[in-house]
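Summary of the model geometry
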Amino acid sequence: MNVLLIGSGGREHALAWKLRSSPFLKKLYCAPGNGGIGDIAELVSIPVADHTSVMRFCKDNAIDLVVIGPEAPLVAGLVDDLATTGVKCFGPTQAAARLEGSKGYTKDLAREYSIPTAAYGRFTDVESAKAYLATQDAPIVVKADGLAAGKGVTICETIEDAHAAVEACFSGAFGRAGAEIVIEEFLEGEEASFFALVDGERALPLTAAQDHKRVGDGDTGLNTGGMGAYSPAHVMTPQMVKRTMDEIITPTVAAMAARGAPFTGVLFAGLMITEDGPKLIEYNVRFGDPETQVLMMRLRSDLLPALVATAEGTLDKIKLEWNDETALTVVMAANGYPGTPETGTEIKGLDAALTTEGVEIFHAGTKKVGDGFVANGGRVLNVTALGNTVAEAQARAYRAIAKIDWPGGFCRSDIGWRAVAREQE
């Protein structure tokens, strides 16, 4: 098959790395890709937001499947436009992508179909939002309704903090994404990222991961797109997986079909595992980043047939096998992230780092210059390792990082710390 992969991050490098091993793959293209992806796929410079250009490329290059990595093209309806030309896509239609494109849409769906989630309110102006806050206790969570690159969520320790978060949204801090907001109760528990392939009717559970959103050690500092992750997630026991499928994923698939917007692609449920069981925090309609990096390291089966079956509605024919080992990824980010990152800094030592046992390095924001790489984004590298335990995977990842010479970047030193402590109990 000829496959076009859309995206440019570490998630896409991990997907390309896994797709590359499929015996069914003939040619792999990536638009726009990055420095690392260019080593295993042909990079194409078509503007992804120009759907006509993407459609023309697919026709000219006999593309059999388009795999869309990031959320923006999905919310913009790229799948719908490609469908008019008969090109198969892995990813939801624009209508189904509302599950990520509007947090309020998902909250209303959860309420209508009795899917467990936090109590909430939806607001389009400062006054009504503050009136609602006057009836609530802190901590409380304020979310921009639309796509905000993973940065539109504020956990507010006081009602005064919540007022400031509301004002920030409506004053344009997140652009159009903050024109409407959701305010919801703060849930106590342990977070997990759970993934399932969905073909419109059926859902096939993948596996779970836990990520680290805060920029600093000990889960301190500003929220980011994710500074690291590991899988499997200890909190997602077989019983919890069953409850998640029965109470959250399966009802969502049925609800979307009933609404005339059947979901196909991957459902990424952000969960809080509470004393009462799993509760839905939010949905993403694509693979997570950096969770994909650890999922692909653990997936034993061929990814490509699973993606095709998802697009064709034949997931009942797919069975996936997983490596029992733990995978852990550490994000190396450019200095300045999650603010304005320093780009153009040279990265050395990657070949030496790759000699570390069990390690793969996925590029998230690099550009190839000559025979080397420079930083070209906020999150730049994902140093990923397999190990028999979380501690072993963690040690291997940091052993590889120690071989990377990049003064222009940084990383957290404690990815997986809770899981390592749990192993030592």
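Calculation criteria
Residues numbered from 1 in each chain as written. Predicted model: local features only at pLDDT ≥ 70, side-chain atom pairs only at ≥ 80, totals over all residues. Heavy atoms only, no water. 1 Å grid on protein atoms, 1.4 Å probe; cavity = no way out; pocket = protein on both sides within 12 Å on 5 of 7 lines; lining within 4 Å. Points joined across faces, edges and corners; volume = space filled by probe spheres on them. Nonpolar A, V, L, I, M, F, W, Y, C, P; charged D, E, K, R; others polar. Helix = DSSP H or I, 4+ residues; strand = E, 2+ residues; numbered from the N terminus. Buried < 20%, exposed > 50% of the residue type's maximum accessible area, 1.4 Å probe, protein only. Contact = heavy atoms within 4.5 Å. Phe/Tyr/Trp six-rings, centres within 6.5 Å; stacked < 30°, edge-to-face > 60°. Lys NZ or Arg CZ within 6 Å of the ring centre and 35° of its normal. Core = buried A, V, L, I, M, F, W, Y, C linked by side-chain atoms within 4.5 Å. Pairing = 2+ DSSP bridges. Axes fitted to C-alpha atoms, helices over the stretch in contact; angles between N-to-C directions. Parallel < 35°, antiparallel > 145°, perpendicular 65-115°, else oblique. Left-handed = near helix turned anticlockwise from the far one by under 90°. Polar contact = N/O pair within 3.5 Å; in protein donor to acceptor, adjacent residues only side chain to side chain.

**Regarding empty space enclosed by the protein**
What the rule picks out here adds up to one cavity of 30 Å³ or more. The residue makeup of the lining of the largest cavity, split by class, is nine nonpolar, no polar and no charged.

**Focus: the environment of K103**
The topology assignment puts K103 in helix α6 (residues 103-112). What makes K103 buried here is its relative accessible area of 15%. Considering only alpha carbons, one finds K103 and I181, 78 residues apart in sequence, at a separation of 8.2 Å. Residues contacting K103, with those up to four places away along its chain left out, are K143, A144, D145, G146, V153, V182 and E282.

**Notes on the packing of aromatic side chains**
Under the defined criterion, the tally for this structure stands at six aromatic pairs. Through a chain of ring-to-ring contacts, the aromatic side chains of F90, F195, F268 and F287 assemble into a single cluster. Geometry around Y105 places R259 over its ring, the cationic atom sitting 5.0 Å from the centre.

**Description of the nonpolar core**
With 50 residues, the main nonpolar core has L4, V66, M236 and I249 as its most contacted residues. With seven residues, the single largest contributor to this core is helix α9 (residues 238-258). In this structure, L5, L25, V67 and L307 belong to the second largest nonpolar core, which totals 42 residues.

**Quick notes on the layout of surface pockets**
The computed volume of the second largest pocket comes to approximately 360 Å³. Around the second largest pocket, the lining comprises 20 residues; the ones closest to its centre are D39, D351, L354, H363 and F373. Counting only elements with at least two residues in the lining of the second largest pocket, the list comes to α1 (10-20), α12 (350-353), β19 (359-363) and β21 (372-375). When the residues that make up the lining of the second largest pocket are grouped by side-chain class, the tally is nine nonpolar, five polar and six charged.

**Concerning the pairing of strand β20 (residues 366-369)**
Note that β20 and β21 share four bridges and pair antiparallel. Bridge pairing links K368 to F373 in β21. Linking β20 to β21, which pair antiparallel, is a turn of two residues; within it G370 sits at a positive phi near 65°.

**Observations regarding the packing of helix α7 (residues 126-133) against helix α8 (residues 159-170)**
At a closest axis distance of 10 Å, the pairing of α7 and α8 adopts a crossing angle of 160°. In terms of orientation, α7 and α8 fall into the roughly antiparallel class. At the point where α7 passes α8, the crossing takes the right-handed sense. Contacts between α7 and α8 pair V126, A129, K130 and L133 from the former with I159, A162, H163, V166, E167 and F170 from the latter. The class makeup of the residues in the contact of α7 with α8 is seven nonpolar, one polar and two charged.

**With respect to unusual backbone geometry**
S231 connects to P232 through a cis peptide bond whose omega is 5°. Locating P232 in the fold gives a position in the loop between β14 (228-231) and α9. Here Y337 and P338 are connected by a cis peptide whose omega angle stands at 10°. Along the chain, the position of P338 falls in the loop between β17 (326-334) and β18 (346-347). If you check the backbone angles, A62 has positive phi at about 50° while not being a glycine. Within the fold, A62 resides in the loop between α2 (51-60) and β4 (65-68). The phi angle at S114 is positive, at roughly 55°, despite the residue not being glycine. Classification of S114 as exposed rests on a relative accessible area of 65%.

**Description of the sheet that holds strand β2 (residues 27-32)**
Here five strands make up an open sheet; going across it, the order is β3-β2-β1-β4-β5 and the pairing parallel. Strand pairing shows two members of the sheet lacking a second neighbour, β3 (42-43) and β5 (88-90), which therefore form its edges. When strand β1 (residues 2-7) meets β2, the two strands line up parallel, connected through six bridges. From the neighbouring strand, N2 faces β2, where its bridge partner is K27. Of the strands in this sheet, β1 and β2 touch α1, which is tilted by about 165° from β1.

**Some details on helix α10 (residues 291-298)**
Of all eight residues making up α10, eight are buried, and the element is well covered by its neighbours. Regarding α10, the residues found buried are E291, T292, Q293, V294, L295, M296, M297 and R298.

**A word on the environment of M1**
Within the secondary structure layout, M1 lies in the segment before β1. Counting along the chain gives 23 residues from M1 to F24, while the straight-line C-alpha distance between them is 6.0 Å. Ignoring anything within four residues of it in the chain, the contact list for M1 reads F24, L25, K26, K27, D64, L65, L304 and V308.

**Brief notes about helix α11 (residues 303-312)**
Of all ten residues making up α11, seven are buried, and the element is well covered by its neighbours. Turning to α11, its buried residues number three or more, namely L303, L304, A306, L307, V308, A309 and T310. You can read the cap of α11 off the contacts: a side-chain oxygen lies 3.1 Å from the backbone nitrogen of L304, and it is on D302. G313 lies just past α11 and shows a positive phi near 80°.

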